[in-house]
Amino acid sequence: MKKSVKRLLAMCLACLLVAGGVFFPSASKAQAADVLTVGTNAEFPPFEYIGNDGQPDGFDMAVIKAIGKEEGFEVKVSNMEFKSLIASLSTGSLDAVIAGMTVTDERKQSVDFSDSYYTATQCIIVKKDSDVTKLADLNGKKIAVQEGTTGDLLCTPGADNEVITDSKTEIQRFKKGTDAVVALNNGGVDAVVIDQNPAENFVSKNPDTLKLMQDDTSTEQYAIAVQKGDTETLNKINDGLKKIKENGTFDKLVAQYIGGSSSEEPAADTGKTLTVGTNAEFPPFEYIGNDGQPDGFDMAVIKAIGKAEGFNVKITNMEFKSLVASLSTGSLDAVIAGMTDTPDRRQSVDFSDSYYTATQCIVVKKDSDVTKLADLNGKKIGVQEGTTGDLLCTPGDDNDVITDSKTDVQRFKKGTDAVVALKNGGVDAVVIDQNPAQNFVANNKDTLKMMKDDTSTEQYAIAVKKGDTETLQMINDGLKKIKEDGTFDKLVEQYINGSAATVDTEEQDTSANKGFLENLKYVFVDTNGYMLMIKGLGVTIGISICAGILGIVLGFVIALMKLTEVRRKKKTVWSRIAGVYIDILRGTPSMVQLLIMFMVIFRSRYAVVAAILAFGINSGAYVAENIRAGILAVDNGQMEGGRSLGFTYGETMRYIILPQAIKNVIPALGNEMITLVKETSIVGYVAIVDLTKAGDFIVSRTYQAFLPLIAVAIIYYILVKLMTFGLAAIERRLRQSDNR
């Protein structure tokens, strides 16, 4: 008995630990990685503002994230009022503040400042017909400022203010610079005093009504604030700031946000959100970033278009072959996935103007004698399913190059899987677009080489639903704008010609020569693979628990409906409904049910809800039969005895039959729950990053299949063992009544 109690307690403790990872992921994250909570006030463009995704964006956000990348810490941004930032920093609610904050002697009494990262000047914004030319002219007037800023200090009359000396000067303090400018436009104030860059931004948006004067007497330094005495964080920020200045990252951010087009706020938000589909297995165009979200050139392009046209972008990651179908059914508004504009696809969708010209390439082992596409006749060729490479390599009447019917075309869901098959000797060559081909070869340069097939140049474009001229026009207009203002060229330089790579090429290239522990570190730590797996585990457990509860509830209801035919000794409406439910759910694959639930019923939205419902409803059919069998296994005399004691049918079922039936079906129910947990491994097909999909992403980024997949298998095994121990403990507890 004591052993059983101990085992049960150990099992509960293990479940609590797992549940902690599921329901409190932030705690796990804080332990797993260095996270800085950074405060800002996103009302100060171009330094900080709210982007199209509803999150703080701007120069300051880019700077602190670049510093974090150099120094190995993650950044969690907290948006609040400017006047609350220093107080929150002093109380320890924040680790740092970056908000276009000026270094002043007064602030230095409360916080410590990093090295300066920007020199700013205060400016005066007035109406075009105003006679104000300098700060002193504002004496006795109504001046608008952003509360707590340098402009506020500069304009407040006092003994230490030698410029604004008139006590009748009225200072109106606003929480946002934008509100101050609105008050100026409406005649509520005579001038706005604010930093130069946001001032230029505001005036550029109101060129017909406002003008700007610079006050050269008030030059100031922006710096990052940390808690008083926090030298560790201060040194880390200063070191990172120095590094991004030395490696040129800082200058690029200045050009992008302040000197370039991004220094302006996004176009007026139309309130429209475009659900955009992609297949994040095609670097450098789309891949899964360190945060577990789709990233890459295509993601940056569609977001830049959204910013230019004032619409929000919601990314849905799915299989490439499902994209056009989802677009046609209306589940998606647009698709950007390195998709080639072809006559066949034009029958189903409309394409935007081309945004990239690509060429098909052949990737082979270094010792291969293949030099051109025709050499692949009769060989095994790896392609990504549904791509141009697939069409190019499939023998047929319209294929003048690959003519040998014995050619074995192996279709993979991901280009990475095709490359892994090539490395393992499963195929002789991989045919894929030039940029991902270059990426794959760069990451395996000791073993692979690449040849270009110049006969197969193709155009990438953004697909929209057939006849959706409004969305098509909006995308074309936005694409034209970002090409004209230089944003597109910067993205090409950053993602295709530059440093935005999915994996560290040097580390990947030498990974095969590392020891086991070093390789383990590379696969799970250096690429943030462990974070993906922790998040994936949480998703797997969460879906399993919710679907399991739903399945048990539905199972009980369906079982009782089915049993009405036993009580009445004939088929009833309820028993027929239950029979059809069980027959359909057990007779169709759970994968098909999941796809119908996600793509048809939920129209490719609310993937987690769709998965829970699909698995819960499916499990309910099996649970119903288990419970029905358990009830029928109870001797008929039990029902007769209960009725003879005066119990109603319902009371007899509740107090006599069901308790015995539950004890009978516990093993079967446990097996069904274990099966359910393993069955959820297919949710990756509906754009959910569960444990299996997380392992898949790690394979995509490291080109190593063994360690990630073994890790996934071990974690599933541990989950099943924990469930098995729990089930055994419950069975032992229930059997105790049999021994009395």
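Our subject is the structure listed above.
Residues numbered from 1 in each chain as written. Predicted model: local features only at pLDDT ≥ 70, side-chain atom pairs only at ≥ 80, totals over all residues. Heavy atoms only, no water.

**Student:** Can you lay out the overall build of the protein for me, pointing to particular residues and giving the numbers?
**Tutor:** A tally of helices and strands in the protein yields 28 helices and 24 strands. Residues counted as buried form 49% of the 740 residues belonging to the protein. When contacts within the protein are restricted to residue pairs at least 6 apart in sequence, those whose partners lie at least 24 apart make up 76%. Surface accessibility of the protein: about 34,400 Å² in total, with carbon and sulfur atoms responsible for 54%. (Helix = DSSP H or I, 4+ residues; strand = E, 2+ residues; numbered from the N terminus. Buried < 20%, exposed > 50% of the residue type's maximum accessible area, 1.4 Å probe, protein only. Contact = heavy atoms within 4.5 Å. Areas by Shrake-Rupley, 256 points an atom, 1.4 Å probe, with all protein chains shown as cover.)

**Student:** Go over helix H3 (residues 59-71) with me, naming the residues and quoting the values.
**Tutor:** Think of an α-helix as 3.6 residues a turn; residues three or four steps apart then line up on the same face. Taking 1.5 Å as the rise per residue, H3 with 13 residues should run 18 Å; its terminal C-alpha atoms sit 18 Å apart, in good agreement. Among all positions in H3, only Phe59, Asp60, Met61, Ala62, Val63, Ile64, Ala66, Ile67 and Gly68 are buried. Once H3 ends, the next one or two residues include glycine 72, with phi positive near 80°. (Expected span 1.5 Å × (residues − 1).)

**Student:** Give me the lowdown on the pairing of strand E13 (residues 273-278), citing residues and values where you can.
**Tutor:** Every regular strand shows the same layout, with side chains that alternate between the two sheet faces. Of all 6 residues that make up E13, 5 are buried, and the element is covered over most of its length. As paired strands, E13 and strand E16 (residues 312-317) are joined by 6 bridges and run parallel to one another. Along E16, the bridge assignment pairs glycine 277 with threonine 316. One ladder, built from 2 bridges, connects E13 with strand E17 (residues 334-335); its direction is parallel. Among the inter-strand pairings, glycine 277 is bridged to a residue of E17, identified as valine 335. (Pairing = 2+ DSSP bridges.)

**Student:** I'd like to hear about a negative patch on the surface, residue by residue, with values.
**Tutor:** A contiguous patch of negative charge, built from Asp344, Asp397, Asp398 and Asp400, is present on the exposed surface. Take aspartate 344: its relative accessible area is 55%, and that puts it in the exposed class. (Patch = residues over 30% accessible without salt bridge, like charges linked within 9 Å, V, L, I, M, F, W, Y side chains within 5 Å. Salt bridge = Lys/Arg side-chain N within 4 Å of Asp/Glu carboxyl O. Lys, Arg positive; Asp, Glu negative; His and termini not counted. Charge placed at Lys NZ, Arg CZ, Asp CG, Glu CD.)

**Student:** Quick rundown of the sheet that holds strand E1 (residues 35-40)? Include the residues and the values.
**Tutor:** Taken in spatial order, the 5 strands make up an open sheet running E4-E1-E5-E12-E6, and their pairing is mixed. Each edge of the sheet is formed by a strand with only one pairing partner; in this case those strands are strand E4 (74-79) and strand E6 (111-113). Sheet topology places E1 next to E4; 6 bridges connect them, and they run parallel. Bridge pairing in E4 links valine 38 to valine 77. Strand contacts of helix H9 (residues 231-246): E1, strand E5 (96-97), E6 and strand E12 (225-227), with the helix running at about 155° to E12, the strand carrying the most contacts. (Axes fitted to C-alpha atoms, helices over the stretch in contact; angles between N-to-C directions.)

**Student:** Kindly report on empty space enclosed by the protein, identifying the contributing residues and their values.
**Tutor:** Applying the stated criterion across every chain, the model contains 3 cavities of 30 Å³ or more. If you add up the space inside the largest cavity, you get close to 80 Å³. Along the wall of the largest cavity there are 13 residues; nearest its centre are Phe44, Phe82, Ala99, Gly100 and Thr149. (1 Å grid on protein atoms, 1.4 Å probe; cavity = no way out; pocket = protein on both sides within 12 Å on 5 of 7 lines; lining within 4 Å. Points joined across faces, edges and corners; volume = space filled by probe spheres on them.)

**Student:** Which residues make up the packing of aromatic side chains, and what values do they have?
**Tutor:** In the structure shown here, the tally under the stated rule is 20 aromatic pairs. Ring geometry for phenylalanine 285 versus phenylalanine 297: centroids 5.8 Å apart, planes at 80°, classification edge-to-face. Placement of phenylalanine 285 in the loop between E13 and strand E14 (287-288) and of phenylalanine 297 in helix H11 (residues 297-309) is noted, with a sequence separation of 12 residues between them. Exposure remark for phenylalanine 285: the relative accessible area of 0% places this residue in the buried category. An aromatic cluster is defined as three or more aromatic residues linked by ring pairs; in this entry it consists of Phe282, Phe285, Phe297, Tyr355, Tyr356, Tyr460 and Phe488. Seen from the ring of phenylalanine 250, lysine 245 lies directly overhead, with NZ or CZ sitting 5.4 Å from the centre. The ring of tyrosine 606 has lysine 314 lying over it, and the distance from NZ or CZ to the ring centre is 5.9 Å. (Phe/Tyr/Trp six-rings, centres within 6.5 Å; stacked < 30°, edge-to-face > 60°. Lys NZ or Arg CZ within 6 Å of the ring centre and 35° of its normal.)

**Student:** Outline helix H8 (residues 196-204), supporting the account with residue identities and numerical values.
**Tutor:** For H8, a buried count of 7 out of 9 residues is recorded, marking the element as mostly surrounded by other parts of the structure. Gln196, Asn197, Pro198, Ala199, Asn201, Phe202 and Val203 are the residues of H8 that are buried.

**Student:** Can you tell me about the side chain of threonine 275, naming the residues and giving the values?
**Tutor:** The topology assignment puts threonine 275 in strand E13. Exposure remark for threonine 275: the relative accessible area of 4% places this residue in the buried category. Those residues within four positions of threonine 275 in sequence are excluded, and the remaining contacts are Lys314, Thr316, Ser331, Leu332, Asp333, Ala334 and Arg605.

**Student:** Tell me about the nonpolar core, and please be specific about residues and values.
**Tutor:** In terms of nonpolar packing, the biggest core is built from 52 residues, with Leu323, Val335, Met339, Phe615 and Ile631 touching the most fellow members. The set of elements that each furnish at least two residues to this core consists of helix H12 (320-328), strand E18 (349-351), helix H21 (529-568), helix H22 (573-587), helix H23 (590-601), helix H24 (607-632) and helix H26 (649-679). When residues of this core are assigned to their parent elements, the largest contribution, 11 residues, is made by H24. Leaving out residues up to four positions away in the same chain, valine 335 has contacts with Val276, Gly277, Leu323, Leu327, Ala461, Ile462 and Ala463. Counting residues in each nonpolar core, the second largest holds 47 residues, with Ala358, Phe440, Val441 and Ile462 among its members. (Core = buried A, V, L, I, M, F, W, Y, C linked by side-chain atoms within 4.5 Å.)

**Student:** Break down the packing of H3 against H9 for me, citing the residues and quoting the values.
**Tutor:** As a packed pair, H3 and H9 sit with axes 8 Å apart at the nearest point and diverge in direction by 100°. In terms of orientation, H3 and H9 fall into the roughly perpendicular class. When H3 is examined against H9, the residues Val63, Ala66, Ile67, Glu70 and Glu71 are found in contact with a partner set consisting of Lys236, Ile237, Asp239, Gly240, Leu241, Lys243 and Ile244. Its residues placed into classes, the contact of H3 with H9 shows 6 nonpolar, 1 polar and 5 charged. (Parallel < 35°, antiparallel > 145°, perpendicular 65-115°, else oblique. Nonpolar A, V, L, I, M, F, W, Y, C, P; charged D, E, K, R; others polar.)

**Student:** Now, about the sheet that holds E16: what can you tell me, with residues and values included?
**Tutor:** In spatial order, the strands read E16-E13-E17-E24-E18; together these 5 strands make up an open sheet with mixed pairing. Pairing within the sheet leaves two strands with one partner each, and these edge strands are E16 and E18. With 2 bridges joining them, E17 and strand E24 (residues 463-465) adopt antiparallel strand pairing. Looking at the pairing, valine 335 lines up with alanine 463 of E24. Packing against the sheet, H12 makes contact with E13, E17, E18 and E24, and its axis sits at approximately 35° to E24.

**Student:** An account of the pairing of strand E8 (residues 142-146) is needed here, citing residue identities and associated values.
**Tutor:** In terms of residue burial, E8 counts as a mostly covered element, since 4 of its 5 residues are buried. Relative to strand E9 (residues 170-174), E8 runs parallel, the two being bridged by 5 bridges. Residue glutamine 146 lies in a different strand from E9, and its bridge partner there is phenylalanine 174. Pairing geometry for E8 and strand E10 (residues 191-195), over 2 bridges, is parallel. By the bridge assignment for E10, alanine 144 is matched with valine 192.

**Student:** Requested: an account of the environment of aspartate 353, with residues and values cited.
**Tutor:** Tracing the chain through its elements places aspartate 353 in the loop between E18 and strand E19 (356-365). A sequence separation of 108 residues divides aspartate 353 from alanine 461, and the C-alpha atoms of the two residues are 6.1 Å apart.

**Student:** Any details on the packing of H24 against H26? Residues and values, ideally.
**Tutor:** At a minimum axis distance of 8 Å, the contact between H24 and H26 shows a crossing angle of 140°. Judged by the inter-axis angle, H24 sits oblique to H26. As H24 packs across H26, the resulting crossing turns out to be right-handed. Here H24 contributes Phe615, Asn618, Ser619, Tyr622, Val623, Asn626, Ile627, Gly630 and Ile631 to the contact with H26, which in turn contributes Met653, Ile657, Leu658, Ala661, Asn664, Val665, Ala668, Leu669, Glu672, Met673, Leu676 and Glu679. Residues of the contact of H24 with H26, tallied by class, amount to 14 nonpolar, 5 polar and 2 charged. (Left-handed = near helix turned anticlockwise from the far one by under 90°.)

**Student:** Could you give me a rundown of a positive patch on the surface, with the residues and numbers involved?
**Tutor:** A cluster of basic residues, Arg567, Arg568, Lys570 and Arg643, forms a positive patch on the protein surface. With respect to the helices, strands and loops of the structure, arginine 568 is situated in helix H21.

**Student:** Describe in detail the environment of leucine 632, supporting the description with residues and values.
**Tutor:** Structurally, leucine 632 is set in helix H24. Owing to a relative accessible area of 43%, leucine 632 belongs among the partly exposed residues under this scheme. Residues leucine 632 and alanine 661 lie 29 residues apart in sequence; the distance between their C-alpha atoms is 8.0 Å. Excluding residues that lie within four positions of it along the chain, leucine 632 makes contacts with Leu563 and Val566.

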